[in-house]
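Understanding the architecture of this molecule
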Amino acid sequence: MKKLIFLAFFISLFGYSAGENKCGELEKCFSFESSVHDRDSLQRGLGIYKNYCSSCHTLRYLRWNRLQRDLDIPETVLIDDLISNENIKTSDFVTFGLPEISPIGAPDLTLRTRVRGDDWIYTYLQTFYQDTSQATGSNNLVYPGTAMAHVLIGLQGTQELDSNGKLIRLSKGALEPEEFDSAMKDLVNFLAYASEPARIERERNGIYIILFFVVFTAVMWLLYREYK
Amino acid sequence: MQGKKAKHIHISEGMSLYTRDRSPFYWGYINIDGEVFKKSLKTDDKDEAIKLLTLWKDEILVEGKKVLAQKINVSAKKTLISNTKPIPKEKVNTTRRKALQITSSVVGAVTVAGFAVPFLSAWQPSERAKALGASVKYDLSKLEPGAMAVVEWRRTPIFIVHQTSEAIKNLPSLNQKVANPALEEGVSRTTNDKFSVVKGVCTHLSCAPKYHPEIEPKAWDEDWKGGFFCPCHGSKFDLAGRVYKNVPAPTNLEVPPHSFEGDTLIIGEA
Amino acid sequence: MASKNSLMSWIDRRLPVTENLERHLTKHPVPSKVNFFYLFGALLMVVFMIQVITGIWLMMFYTNTEEGAFASVEYIMRDVEYGWLMRYMHSTGASAFFFLMYFHMFRGLLYGSYQKPKELVWLFGCFLLFLLMAEGFLGYVLPWGQMSYWAANVILSLFGAIPFIGESLQVWIQGDYVLSGATLSRFFALHVVVVPLLMIALVVFHIFALHEVGAGNPEGVDIEKYRDKTGMPLDGKPFHPYKTFGALPAIGIFFIVFFAIVYYAPTGGGYFIEKPNFEEANFLKTPEHIAPVWYYAPFYSILRAVTFGIPFLGITSKFLGFIIFAASIAILFIVPWLDRSKVQSIRYKGIFSKIAMIMFATSFITLGYLGTKPVNEIRTLIAQICTIFYFLPFILMPIYTKYEKTLEVPDRL
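In what follows, the accompanying structure is described. Here the structure is a predicted model, which means the values were calculated and not measured.

Attention shifts here to the packing of helix H6 (residues 119-141) of chain C against helix H12 (residues 317-333) of chain C. Geometrically, a packed helix pair is captured by the angle between its two axes and the distance between the axes. Residue and element names in this part refer to chain C. Direction vectors running N to C along H6 and H12 enclose 155°, while the axes themselves pass 8 Å from each other. Taken together, H6 and H12 sit at an angle that is classed as roughly antiparallel. Facing H6, whose interface residues are Trp122, Leu123, Cys126, Phe127, Leu129, Phe130 and Met133, H12 presents Ile329, Leu332 and Phe333. Here the contact of H6 with H12 is composed, by residue class, of ten nonpolar, no polar and no charged.

Counting residues at the interface gives 17 residues for chain B, matched by 13 residues for chain A. If you sort the residues of chain B by the area they bury against chain A, Arg97, Leu100 and Glu127 of chain B come out on top, with a joint share of 36%. Between the two partners, chain B and chain A, sit three salt bridges. When the shortest N-O distance is used, the salt bridge between Arg97 of chain B and Glu226 of chain A registers 3.4 Å. Along the contact surface separating chain B from chain A lie three residue pairs in polar contact (both at pLDDT 80 or more). Sorting the residues of the side of chain B that touches chain A by element identifies helix H3 (94-121) and helix H4 (127-132) of chain B as the ones contributing at least two each. Here the side of chain B that touches chain A gets eleven residues from one element, more than from any other, and that element is H3 of chain B. For the side of chain B that touches chain A, the per-class residue count stands at six nonpolar, six polar and five charged.

Now for the packing of aromatic side chains. For the coordinates displayed, the defined rule picks out 67 aromatic pairs over all chains. Between Trp123 of chain B and Trp57 of chain C the ring centres are 6.0 Å apart and the planes differ by 25°, which places this aromatic pair in the stacked class. One end of the pair, Trp123 of chain B, is in the loop between H3 and H4; the other, Trp57 of chain C, is in helix H3 (residues 40-61), on a second chain. A relative accessible area of 60% means that Trp123 of chain B is categorised as exposed. The interplanar angle of 40° and the centroid separation of 5.6 Å between the aromatic rings of Phe124 of chain C and Phe205 of chain C together place this pair among those described as tilted. In this pair, Phe124 of chain C sits in helix H6 while Phe205 of chain C sits in helix H9 (residues 181-213), placing the two residues 81 residues apart along the sequence. When its relative accessible area of 46% is taken as the criterion, Phe205 of chain C is described as partly exposed. Aromatic rings pair up to connect Phe212, Phe213 and Phe216 of chain A, Phe115 of chain B together with Tyr82, Trp84, Phe254, Phe255, Phe258, Phe259 and Tyr263 of chain C into one cluster. Over the ring of Tyr75 of chain C we find Arg128 of chain B; its NZ or CZ atom is 3.7 Å from the centre of that ring.

Attention now goes to the sheet that holds strand S2 (residues 15-19) of chain B. All names here are of chain B. Here four strands make up an open sheet; going across it, the order is S1-S2-S3-S4 and the pairing antiparallel. Every interior strand has two partners, whereas the edge strands, strand S1 (8-12) and strand S4 (35-40), have only one. Neighbour-to-neighbour, the strand axes of this sheet turn through a mean angle of 20°, independent of strand direction. Pairing analysis gives four bridges linking S1 to S2, with the strands arranged antiparallel. The partner of Ser12 across the bridge, within S2, is Met15.

All names here are of chain B. With antiparallel pairing, the three strands of this open sheet are ordered in space as S9-S10-S11. Each edge of the sheet is formed by a strand with only one pairing partner; in this case those strands are strand S9 (210-212) and strand S11 (236-238). The mean angle between the axes of side-by-side strands here comes to 25°, regardless of whether they run parallel or antiparallel. With three bridges connecting them, strand S10 (residues 227-229) and S11 associate as antiparallel partners. Each bridged residue has a counterpart across the sheet, and for Phe228 the counterpart in S11 is Phe237.

All chains considered together, the criterion is met by two disulfides over all chains. Between the sulfur atoms of Cys23 of chain A and its disulfide mate Cys29 of chain A the distance is 1.9 Å. Taking the torsion about the sulfur-sulfur bond, which here is approximately 70°, the covalent link between Cys23 of chain A and Cys29 of chain A counts as right-handed. Cys23 of chain A sits in the buried class, given a relative accessible area of 1%. The exposure class assigned to Cys29 of chain A is buried, which follows from its relative accessible area of 17%. Here Cys207 of chain B pairs with Cys232 of chain B through a disulfide, and the sulfurs are 2.0 Å apart. Residues Cys207 of chain B and Cys232 of chain B are joined by a disulfide whose S-S torsion is about -100°; by sign, that bridge is left-handed. Of this pair, Cys207 of chain B sits in the loop between strand S8 (195-199) and S9 while Cys232 of chain B sits in the loop between S10 and S11, and the two are 25 residues apart along the sequence. Relative accessible area serves as the criterion here: at 18%, Cys207 of chain B is assigned to the buried category. No disulfide involves Cys230 of chain B; its sulfur sits 4.0 Å from that of Cys202 of chain B, the nearest cysteine.

It is worth spelling out the nonpolar core at this point. Formed by 134 residues in total, the largest nonpolar core has its most connected members in Phe254, Phe255, Phe258 and Phe394 of chain C. The biggest single contributor to this core is helix H5 (residues 83-111) of chain C, with 16 residues. When we break this core down by domain, the ones giving at least three residues each are domain 1 (38-224 + 238-270) and domain 2 (291-402) of chain C. Apart from the residues within four sequence positions on either side, Phe258 of chain C is in contact with Ile50, Met89, Thr92, Gly93 and Ala96 of chain C. Listed in part, the 43 residues of the second largest apolar core include Cys23, Ile48, Tyr124 and Met184 of chain A.

Moving on, we come to the pattern of salt bridges. Evaluation of the coordinates by the stated rule reveals 32 salt bridges over all chains. Of the charged contacts, one joins Lys349 of chain C and Asp339 of chain C as a salt bridge, the two residues approaching to 2.9 Å between their closest N and O atoms. Pair noted here: Lys349 of chain C is in the loop between helix H13 (335-338) and helix H14 (351-371) and Asp339 of chain C is in the loop between H13 and H14, with a separation of ten residues, a long-range link. Owing to a relative accessible area of 5%, Lys349 of chain C belongs among the buried residues under this scheme. On the accessibility criterion, Asp339 of chain C (8% relative accessible area) is buried. Each of Lys177, Asp221, Asp223, Lys225 and Lys236 of chain B takes part in a single network of salt bridges with overlapping partners.

As a further point, take the pairing of strand S12 (residues 258-261) of chain B. By the bridge criterion, four bridges tie S12 of chain B to strand S13 (residues 264-267) of chain B in an arrangement that is antiparallel. In the strand pairing of S13 of chain B, Phe260 of chain B is matched with Leu265 of chain B.

Another point: the environment of Glu81 of chain C. Tracing the chain through its elements places Glu81 of chain C in the loop between helix H4 (69-78) and H5. Excluding its chain neighbours within four sequence positions, the residues that come into contact with Glu81 of chain C are Pro118, Ser121, Ala122 and Gln124 of chain B.

Below, the discussion takes up the side chain of Glu196 of chain A. Along the chain, Glu196 of chain A turns up in the loop between helix H8 (177-195) and helix H9 (198-227). On the basis of relative accessibility, which here comes to 4%, the residue Glu196 of chain A falls in the buried class. Among the polar contacts listed, one links the side chain of Glu196 of chain A to the side chain of Arg202 of chain A, at a separation of 2.9 Å. In terms of polar contacts, Glu196 of chain A uses its side chain to reach the side chain of Tyr88 of chain C, at 2.6 Å. Those residues within four positions of Glu196 of chain A in sequence are excluded, and the remaining contacts are Arg114 and Arg202 of chain A together with Met77, Arg78 and Tyr88 of chain C.

For the rest of this paragraph, the subject is H3 of chain B. The terminal C-alpha atoms of H3 of chain B, which comprises 28 residues, lie 40 Å apart, in line with the 40 Å expected from a rise of 1.5 Å per residue. Among the residues of H3 of chain B, those classed as buried are Leu100, Ser104, Val107, Thr111, Pro118, Phe119 and Ser121 of chain B. Where the residues of H3 of chain B are buried, they touch H9 of chain A together with H3 and H5 of chain C. Its side-chain oxygen at 3.3 Å from the backbone nitrogen of Thr95 of chain B, Asn93 of chain B defines the N-terminal cap of H3 of chain B.

Taken together, the contact pairs 45 residues of chain C with 43 residues of chain A. Buried area between chain C and chain A, both sides added, is near 3900 Å², and the carbon and sulfur share of it is 68%. Area buried by chain C at its contact with chain A is led by Arg78, Tyr263 and Tyr264 of chain C, which between them contribute 19% of it. Inspection of the region where chain C meets chain A yields two salt bridges. The salt bridge partner of Arg112 of chain A is Glu279 of chain C, with a shortest N-O separation of 3.7 Å.

About the cut-offs
Residues numbered from 1 in each chain as written. Chains lettered and ligands numbered in written order. Predicted model: local features only at pLDDT ≥ 70, side-chain atom pairs only at ≥ 80, totals over all residues. Heavy atoms only, no water. Axes fitted to C-alpha atoms, helices over the stretch in contact; angles between N-to-C directions. Helix = DSSP H or I, 4+ residues; strand = E, 2+ residues; numbered from the N terminus. Parallel < 35°, antiparallel > 145°, perpendicular 65-115°, else oblique. Contact = heavy atoms within 4.5 Å. Nonpolar A, V, L, I, M, F, W, Y, C, P; charged D, E, K, R; others polar. Buried area = accessible area lost by both parts, 1.4 Å probe. Salt bridge = Lys/Arg side-chain N within 4 Å of Asp/Glu carboxyl O. Polar contact = N/O pair within 3.5 Å; in protein donor to acceptor, adjacent residues only side chain to side chain. Phe/Tyr/Trp six-rings, centres within 6.5 Å; stacked < 30°, edge-to-face > 60°. Buried < 20%, exposed > 50% of the residue type's maximum accessible area, 1.4 Å probe, protein only. Lys NZ or Arg CZ within 6 Å of the ring centre and 35° of its normal. Pairing = 2+ DSSP bridges. Disulfide = S-S within 2.5 Å. Core = buried A, V, L, I, M, F, W, Y, C linked by side-chain atoms within 4.5 Å. Domains from an automatic or database assignment. Expected span 1.5 Å × (residues − 1).

In structure tokens form, the structure reads like this:
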């Protein structure tokens, strides 16, 4: 009975939290959980970052050689295609010589997925639409009035808001919607990796540590029983 | 106590104190599975009596166990033993105990060692230190014969000397004057005879030697064939960094790990 | 063997090692029957050690300046070998510390571990809670993220609410007119030296006092009453090996949970390391919602629940909030003198004590939940009710413990 009262009490508490998951104009962000264990996905994500983001956004805490090691990138590809600047060493951070505070206000992306969450970034990238009232000509459902232009328009195609506030596709982009979706997943995966490179090692090795302590507990339990 | 009415004080199951009309003392009553024991505790202090009673019960239990061990009455033994918790177990499986002690010690040691690994590794040079200490590249095409460049590598000045053909000729002739005449690798002590690469740190007391390539009489050497002179304590080295005899510096100038890739010298990677 | 003994006696003559080992380990009696609640003390020692060691290592790589602090944490996370592990162990350890501390203290409340003659043990423990809260607060400022900055701002501005001296006190604590690098440097010194030293001293006092009066048990039975011929209580067992070996499997289980969090959920879903703290402190930009880490949430809730002042006394709602917030911790200190019960354990106390404990626990958890959420009217109301429910069990304790009907405590365990 006591437990029931507790339960009812807590359910009523959680009931009041409605509306707090709001994602900008949306009721809820599209759900996406990043994974850093698919190396191909990370490499594709790096490609999108390099082609579409890197002219404004830095990765100020990530070193090129760390990236090379973790994503298994050949030295020549790294130096010729990715860095392509002989003044930048492989041990430098991924900043392309951009200043620390971007003149156009583009934030550093290294820790962005940790600040906003995977869901938010993933949804944000998908919900640009045409809006002539904005200086950039486009607006965003998750972050209304965002200063960022719809740079992925060539891939995604144009979108528009209908009278119900739903997104509708106006024109085709270079990618089919499913392809674009998977490209955005790659990009978020890559950014999630950039936010915490140690995550690859962490999530891979954790299970062994836990298993070790299961054994530890079992042995110590037997010892305790012996002396009980 | 005298004159007072006899009373009965319950202590715990099968254990109680009581008083008798004509006795000043507390009496103890113990009932173990139907076997009753009574005696005067010879004290009128209640707390003392409780203590004595408890001790007495333990005595009975120990005693009872000994007696029972001789008896054949198995069922009685069973019931009594089940009530004799305070008696320490006499039968300990020592092999099992030993095995558990060893196993748990090993597991404990592995745990401690495991914890030590990340803490010890954290003292290794960090990625930042590795980046700062990474190899340095130098373009040799800019360096004229006879000129010397100073490049910083791991907070150490590295002297790169482009030997003139005259100097290359002279170096073997200095074998008599230097302390360790054998030329490592080649004439220049590197894999490329034209270029010497040495740490610009005197092996005596870590001063910075000065570069004097001129072949002319000097205050410190009438027959100077070019080389390095340390102004601190007067140590002399030839152009390949070999130390002269009878100077304070004990060994040749150190050659850092390096390699040549065409016109590029890489310092820090052999 | 003989040489070992003569060596031991040589040492014992000069430093009473054997005597103290016997006194505190091999011959120190502990109750033979306790439940899992009695394991939290040992686990707290383990966590304290984790915090000290990982803390020392983090200190080797951390920069305590306004310009360098945030980047140095990322340096630890990326460039230092296993730096991420140290950092996550330290941050998870902080949460574990509070989690265990709350259970440890709740055990004390349930089984009367503060009653005569254990008042000092309890008092030292309460001081430790206070120091732990200070330590956690100071430590949370160090990464110099958005939440570090703004949460510290909120708490420091509380000092500003104290009448007359408030403002100058706040400036003095900050060492600046705003929260700045000056504050960060002194918080660093306090976090790594002053508070830990005090905590170590108090832990020593806590344990020495405990070993003087003896550990309790869930029955509230005094095990010292009956002893065998050797002087060992009949319901007691030597600390080593019974208690020590009993703690080992508990430590194992603790590490399973601890490392599961460290390796698979180090931010605890935003409750252990909050999302805004991955953005460097920016004094121009307040985060939308300032939430404390979960372990302060109940107290933060109490602070926020006070939406009214006492105008005719010149007490603003902010200051009253601060007073009640402080009182919510201070009241724990006087519990030994509030409880007038003849019995120690909740098992033998009356119905009112039981209701009071349920009331306290429920309101504490509810306040904790509310503290992590943004405010709205209903939540504020619930928080106010819970604040009353938090205090009532203590305020009424002298009355109900004195008059309620208690059960008879058995003689033996």
